Amino acid sequence: MQLPLQLAVTTEEIVMGKEFKVIKETATISSTLAELVAVNRIICHEIPSADFRAEYDSLLGDIFNSYQAFLDLMTPLTQCLQLATFNEQFAAASQQFEENYQATHSISRVNAEFTFEKYLQFRKRKETKTSYPPIKAAFERLHDLIDKWIDNDIWLAMSMDTVFKFLAQILVEVKDLQKKDPEAAFDLYNSCIGAIAPYLAMIDSCLDSVAEQISMAEMAEA
């Protein structure tokens, strides 16, 4: 049987592959946060105890910090989605990303270590062993998320690492193309950053929701 001829891979196809990975992993990151916020809402509503919330909020605080660091790093790139702002701000935004993405990735890994230690203690609490269906289901969802995405497999940190690694390569290619064809460079940039902007907005909204829940809990305790 004759094997098909191997197709040549063009630079454009490679870039599209990178873009897809950035978009896919950013969508994954945003969906894990949405799940965590949904679970958090149930647990906070069902267990308002100040003693419980102190340990619980400390556990989740490190996780939320990873998402916040990710959002803080990525947001300046979304300010360049118009041609005029791209021409004015892309150089500074891409430099800011290149200088900080490795440190941001380190934050997610360090927070995973903090979460692992805290979660070992948190699982000993009597509240986590309840048989009451809504809370039991919420703690099972929380366990699946922390065990798979944060602690043992650290998929969240690896997803962020994938975004950073391939986005850094795309930004270099955009920068090189900008010297030859600014409009084509903008189109390439917008095809990636424009596609992940809704997921970053989702992360921002989820973090705002968490901050509101914490504020309401503090007001209730006062």
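Let me begin by describing the structure that accompanies this report.

1. Quick notes on the nonpolar core
Counting residues in each nonpolar core, the largest one holds 64 residues, and the members touching the most others are Phe97, Leu142 and Tyr189. Among the secondary structure elements, those contributing two or more residues to this core are helix H1 (11-46), helix H2 (50-74), helix H3 (83-122), helix H4 (133-151), helix H5 (155-180) and helix H6 (182-221). Considering each element in turn, this core owes the most residues, 13 residues, to H6. If we ignore the near neighbours within four places in the chain, the residues touching Phe97 are Leu73, Met74, Leu77, Phe164, Leu167, Ala168 and Leu171.

2. A closer look at the side chain of Arg125
In this structure, Arg125 sits in the loop between H3 and H4. When its relative accessible area of 12% is taken as the criterion, Arg125 is described as buried. Of the polar contacts made by the side chain of Arg125, one reaches the side chain of Glu127; its length is 3.1 Å. Filtering out sequence-adjacent residues up to four positions away, Arg125 remains in contact with Asp51, Phe52 and Glu55.

3. Examining the packing of H2 against H3
Across the interface, H2 lies against H3 with an axial gap of 9 Å and an inter-helix angle of 165 degrees. Relative to H3, H2 is oriented roughly antiparallel. With respect to the hand of their crossing, H2 and H3 are arranged in left-handed fashion. Residue composition of the contact of H2 with H3, by class: 14 nonpolar, 10 polar and 4 charged.

Rules used in this analysis
- Residues numbered from 1 in each chain as written.
- Predicted model: local features only at pLDDT ≥ 70, side-chain atom pairs only at ≥ 80, totals over all residues.
- Heavy atoms only, no water.
- Core = buried A, V, L, I, M, F, W, Y, C linked by side-chain atoms within 4.5 Å.
- Buried < 20%, exposed > 50% of the residue type's maximum accessible area, 1.4 Å probe, protein only.
- Helix = DSSP H or I, 4+ residues; strand = E, 2+ residues; numbered from the N terminus.
- Contact = heavy atoms within 4.5 Å.
- Polar contact = N/O pair within 3.5 Å; in protein donor to acceptor, adjacent residues only side chain to side chain.
- Axes fitted to C-alpha atoms, helices over the stretch in contact; angles between N-to-C directions.
- Parallel < 35°, antiparallel > 145°, perpendicular 65-115°, else oblique.
- Left-handed = near helix turned anticlockwise from the far one by under 90°.
- Nonpolar A, V, L, I, M, F, W, Y, C, P; charged D, E, K, R; others polar.

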